[in-house]
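Residue strings, one per chain:
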Amino acid sequence: MHSPALTPMPDRNGIFIAYCFPEKKWFDRVLAVLKPVIGNESTVSWDERKLLASGVWRSELSELLANRRLVILMVSDAFLESDFVVRAKLPALLEAEREKGLKFCWVLVSHCLHEVAGLNEMDAANDLNQALDGLGLEMREVELARVAAQVAQLLGAAAPATVPPDAPASRSLQALDSAIQTRHESLLQLRRLGRWLSLGALGFAVLALPAVFFGLTHFLLLAGFAVFIFCQALLVRARSAFLGQGLLGMRYTRSGLADESLPSRQRDPLVRRSEEFVG
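Before going into details, it helps to say that this report is about the structure given with it.

About the cut-offs
- Residues numbered from 1 in each chain as written.
- Predicted model: local features only at pLDDT ≥ 70, side-chain atom pairs only at ≥ 80, totals over all residues.
- Heavy atoms only, no water.
- Buried < 20%, exposed > 50% of the residue type's maximum accessible area, 1.4 Å probe, protein only.
- Helix = DSSP H or I, 4+ residues; strand = E, 2+ residues; numbered from the N terminus.
- Arc of directions from axis to C-beta.
- Contact = heavy atoms within 4.5 Å.
- Axes fitted to C-alpha atoms, helices over the stretch in contact; angles between N-to-C directions.
- Parallel < 35°, antiparallel > 145°, perpendicular 65-115°, else oblique.
- Left-handed = near helix turned anticlockwise from the far one by under 90°.
- Pairing = 2+ DSSP bridges.

Structural notes on helix 6 (residues 90-98)
Looking only at helix 6, the buried set comprises L90, P91, L94 and E97. Within helix 6, the buried residues cover an arc of 120° as seen down the axis, which keeps them to one side. The secondary structure elements touched by the buried residues of helix 6 are strand 1 (15-18), helix 3 (57-67), strand 3 (70-75), helix 4 (77-80), helix 5 (83-86) and strand 4 (103-108).

Re the packing of helix 3 against helix 6
One can describe the packing of helix 3 onto helix 6 by two numbers: an axis separation of 10 Å at closest approach and a directional angle of 40°. Considered as vectors, helix 3 and helix 6 are oriented oblique to each other. Judged by the twist between their axes, the crossing of helix 3 over helix 6 is right-handed. Across the interface between the two elements, L61, L65 and A66 from helix 3 touch L90, L93, L94 and E97 from helix 6.

Some details on the environment of L93
Residue placement: L93 occurs in helix 6. The class for L93 is partly exposed, based on a relative accessible area of 31%. Considered as a pair, L93 and S62 are 31 residues apart in the sequence and their alpha carbons are 8.3 Å apart. Ignoring any residue separated from it by four or fewer positions in sequence, one finds L93 in contact with L61, L65 and A88.

Notes on the sheet that holds strand 1
If you walk across this open sheet you meet the 4 strands as 2-1-3-4, and the pairing is parallel. On the outer flanks of this sheet lie strand 2 (43-46) and strand 4, each paired with one strand and no other. If you compare each strand with its neighbour and ignore which way they point, the axes differ by 15° on average. Pairing geometry for strand 3 and strand 4, over 6 bridges, is parallel. In the sheet register, I72 faces strand 4, and the bridge partner there is C105. Contacting strand 1, strand 2 and strand 3, helix 3 runs over the sheet at an angle of about 145° to strand 2.

Any functional reading would require information beyond the geometric quantities listed.
The structure is reproduced here in structure tokens:
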């Protein structure tokens, strides 16, 4: 009696990433972090537009899942409402392929009811209390490093060395925030002072008019006070305008430093410029 022949496991290779087009910036960011882990692995990405554009998407998707080594889902409210879940039932398909050797994990892009899609918390690549879209620069880098380590473990690859957030840029951001707050308060005080000086100059000018009419001798004194206070008001306004321009430049510099997509060659000049502002 012959024993039944075992069905050979498919030769799986490459990575499939599913995401929703509105979250493309997060897909790009995660893919950039995974580059050192993925190496030469072929990568195929689908967003929900692929399901709408192709009339044979079911067969194409099934073939991809049957041949891929790892699937990564970028999960958000938009993903749960997309055709990946509503029509393709992708999480259920992945569970079926898992028994055939497929590995998969998912990244929480924004807080959502991921349980309704049948996604297991154990398969999450990042901390479910730390959705990517709700984090600042430093915490986001920590979670992206966690995602890279999880994917490396699933692929059996060495996890990339954890790169701490850009320390100079981080320190510069903190210093800029403090300097911006201080200068903003100074600007408000100068503007209030300018208004009071203008009112004072106007008051002395008004008092000088009856002095001229009645021929009083203190006309020159009142007029002199009016001119002096008016000149002081002009100086305060000029200082306010100068400080306002500097504050605008600081805000533009801070915006550039906070942009994590900028390469180091563009961030370094911003760090130096922020040091000039603060120092």
